[in-house]
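These are the residues of each chain, in order.
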Amino acid sequence: MSGIPLGVLDLIPIPSGSTAADALHNSIDLARQTERLGYARYWFAEHHLNPGVAGTSPAVVLALTASATSTIRIGSGAVQLGHRTALSTVEEFGLIDALHPGRLDLGLGRSAGRPPQQRAGEAEPFVGHTPNGLRIPERFSFAHLLGHPRVALQQKLLNLPGAQPQDYGEQVDDVLALLRGEYRSDEGIEAHAVPGEGADVQVWILGSSGGQSAETAGRNGLRFAANYHVSPASVLEAAEGYRAAFKPSAELDRPYVTVSADVVVAEDDATARELAAGYAPWVHSIRTAEGAIPFPSPAEARALTGPWTDADRKVVADRVETQFVGSPRTVADHLERLQEATRADELLITTITHDHADRVRSYRLLAEEWRRR
């Protein structure tokens, strides 16, 4: 399995008792450490209004991380196009590429990352275990968040008054045209992004289903990232939808997929489970629109989940049961199943623990085990 590269997806989590500055320093240190461990790429996610997550601007953090590393590819997982323009995105990444050419991945997302619901007329999604044992849980419904005041507030603060988001597929087309120096308005007027035009970046599309994101990636012959860690119920649909839509391009002659997974590795299964204890209340805070809380310590997690009802546990069940937690061998076995079931070309690992040293150790133990396979 060492032929399947591993990458890192970092949300820049803020552990309880620490600050955003601490989290940023830890993430830059983790990028250096994973570069030495042989990880192929290091991506930063974009999230807003979360007390426990400092990753609000991938481009800014990428600029800082590029200066602290030298060989690992760095990128966005993903820039959320729903509240920005194609030009601003190309210009930001063009600035970084001007000083760090050939290392950037421009990952593009459609919105704030909520997986779409099942569409009318679709067959019921598969639930259970794939033939090789990968767990596919029931699809989680976000219906309770529609119209939620905090969700509405986020959209109000991220979008200019009266602004209408551009169609996602058209926006990706504009990003590609600006990068290639081929942009023309409907009136035939040229636009040239400087810096940005001609930037040596890999463009990726991130998606949680086989819908517009997968279709846009396939139609343009781009690389695709399927989110098992965000939406495990639809990962197979996402990967296959992308492959079905794929058309060869100048950048890529065949489909290319990375698949994300939440992972915690320790020397043994019991220790890993202890380190991962904060994951359930952290996910619960996101899915109830509270905003990601500072990542709790194991003791704090037990206090938070002690009074939980069955309804509380149901909110996080799909994420908890698909988080890969355990010894290096245990987790690597899970990752092999994920790779085989999705036919992924790469895997993207996201790990959150309360203590930075435990997080670094998790990535180190996994890298060492992966190299042995």
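We now turn to the structure provided with this report.

Thresholds, definitions, all that
Residues numbered from 1 in each chain as written. Predicted model: local features only at pLDDT ≥ 70, side-chain atom pairs only at ≥ 80, totals over all residues. Heavy atoms only, no water. Helix = DSSP H or I, 4+ residues; strand = E, 2+ residues; numbered from the N terminus. Buried < 20%, exposed > 50% of the residue type's maximum accessible area, 1.4 Å probe, protein only. Contact = heavy atoms within 4.5 Å. Polar contact = N/O pair within 3.5 Å; in protein donor to acceptor, adjacent residues only side chain to side chain. Arc of directions from axis to C-beta. Salt bridge = Lys/Arg side-chain N within 4 Å of Asp/Glu carboxyl O. Patch = residues over 30% accessible without salt bridge, like charges linked within 9 Å, V, L, I, M, F, W, Y side chains within 5 Å. Areas by Shrake-Rupley, 256 points an atom, 1.4 Å probe, with all protein chains shown as cover. Lys, Arg positive; Asp, Glu negative; His and termini not counted. Charge placed at Lys NZ, Arg CZ, Asp CG, Glu CD. Phe/Tyr/Trp six-rings, centres within 6.5 Å; stacked < 30°, edge-to-face > 60°. Core = buried A, V, L, I, M, F, W, Y, C linked by side-chain atoms within 4.5 Å. Axes fitted to C-alpha atoms, helices over the stretch in contact; angles between N-to-C directions. Parallel < 35°, antiparallel > 145°, perpendicular 65-115°, else oblique. Left-handed = near helix turned anticlockwise from the far one by under 90°. Nonpolar A, V, L, I, M, F, W, Y, C, P; charged D, E, K, R; others polar. Pairing = 2+ DSSP bridges. Right-handed = clockwise from strand over helix to strand, strands pointing away.

## Concerning the environment of Phe295
Next, step 1: One can find Phe295 in the loop between α9 (279–287) and α10 (298–305).
Next, step 2: Look at Phe295 and you get buried, because its relative accessible area is 1%.
Next, step 3: Along the chain, Phe295 and Leu106 lie 189 residues apart, while their C-alpha atoms are 27 Å from each other.
Next, step 4: Ignoring any residue separated from it by four or fewer positions in sequence, one finds Phe295 in contact with Ile14, Pro15, Ser16, Gly278, Tyr279, Trp282, Ile352, Thr353 and His354.

## Overview of the side chain of Arg73
Next, step 1: With respect to the helices and strands, the residue Arg73 is situated in strand β3 (residues 73–76).
Next, step 2: According to the relative accessible area criterion, Arg73 is buried, its value standing at 17%.
Next, step 3: In this structure the side chain of Arg73 is engaged in a polar contact, spanning 3.0 Å, whose partner is the backbone oxygen of Gly102.

## Observations concerning helix α11 (residues 310–321)
Next, step 1: Among all positions in α11, only Asp312, Val315, Val316, Asp318 and Arg319 are buried. Along α11, the residues classed as buried sweep out an arc of 150 degrees about the axis, all on the same side. Turned more than 90 degrees from where α11 packs its buried face, Asp310, Ala311 and Lys314 sit exposed.
Next, step 2: Taken together, the buried residues of α11 touch β10 (257–265) and α9.

## A closer look at the pattern of salt bridges
Next, step 1: In total, this model carries 25 salt bridges according to the counting rule given.
Next, step 2: The salt bridge partner of Asp105 is Arg73, with a shortest N-O separation of 2.8 Å. Here Asp105 is found in strand β5 (residues 104–109), whereas its partner Arg73 is found in strand β3, with 32 residues between them in sequence. When sorted by exposure, Asp105 lands in the same class as Arg73, which is buried.
Next, step 3: In this structure, Arg373 engages Glu369 in a salt bridge whose closest nitrogen and oxygen atoms are separated by 2.9 Å.
Next, step 4: We classify Arg373 as partly exposed; its relative accessible area is 25%.

## What about a negative patch on the surface?
Next, step 1: A surface patch of like charges, here negative, comprises Asp167, Glu170, Asp186 and Glu187.
Next, step 2: Secondary-structure assignment places Glu187 in the loop between α5 (168–180) and β8 (201–207).

## Some remarks on the packing of aromatic side chains
Next, step 1: What the rule picks out here adds up to 10 aromatic pairs.
Next, step 2: Seen from their ring centres, Tyr42 and Phe44 are 5.2 Å apart, and the 55 degrees between their planes marks the pair as tilted.
Next, step 3: Taking the relative accessible area as the measure of exposure, Tyr42 reaches 0% and is therefore buried.
Next, step 4: Judged by relative accessible area, Phe44 falls into the buried class, the value being 0%.

## What to know about the nonpolar core
Next, step 1: Counting residues in each nonpolar core, the largest one holds 97 residues, and the members touching the most others are Leu108, Trp282, Leu335 and Leu347.
Next, step 2: Val264, Ala266, Ala272 and Leu275 belong to the second-largest nonpolar core, a separate cluster that totals 6 residues.

## A look at α9
Next, step 1: Among the 9 residues of α9, 8 are classified as buried, and the element is accordingly described as predominantly covered.
Next, step 2: If you check which residues of α9 are buried, you get Tyr279, Ala280, Pro281, Trp282, Val283, His284, Ser285 and Arg287.
Next, step 3: Those residues of α9 that are buried are in contact with β10, α10 and α11.
Next, step 4: Two residues or fewer past α9, Ala289 is found with a positive phi of approximately 65 degrees.

## Notes on the environment of Leu81
Next, step 1: Structurally, the position occupied by Leu81 is in the loop between β4 (79–80) and α3 (86–99).
Next, step 2: C-alpha separation for the pair Leu81 and Val172, spaced 91 residues apart in sequence, amounts to 8.6 Å.
Next, step 3: In this view, Leu81 contacts Thr89, Leu108, Gly109, Tyr168, Gln171 and Val172; residues no more than four positions away in its chain are not counted.

## Brief notes about the packing of helix α12 (residues 328–342) against helix α13 (residues 356–371)
Next, step 1: Here α12 crosses α13 at 65 degrees, and the two axes come no closer than 9 Å. The orientation of α12 relative to α13 falls into the category roughly perpendicular. Seen from above, α12 lies across α13 with right-handed handedness. Along its contact with α12, which presents Pro328, Arg329, Val331, Ala332, Leu335 and Glu336, the element α13 presents Leu365, Leu366, Glu369 and Trp370.
Next, step 2: Class assignment of the residues belonging to the contact of α12 with α13 gives a composition of 7 nonpolar, no polar and 3 charged.

## Notes on the pairing of strand β9 (residues 223–227)
Next, step 1: Counting buried positions along β9 gives 5 out of 5 residues, so the element sits mostly inside the fold.
Next, step 2: Neither face of β9 is open: one carries Arg223, Ala225 and Asn227, the other Phe224 and Ala226, and all of them are buried.
Next, step 3: Across 4 bridges, the pairing between β8 and β9 is parallel. Each residue of the ladder has a partner; that of Ile205, found in β9, is Phe224.
Next, step 4: Read as a crossover between parallel neighbours, the route from β8 over helix α6 (residues 212–219) to β9 is right-handed.

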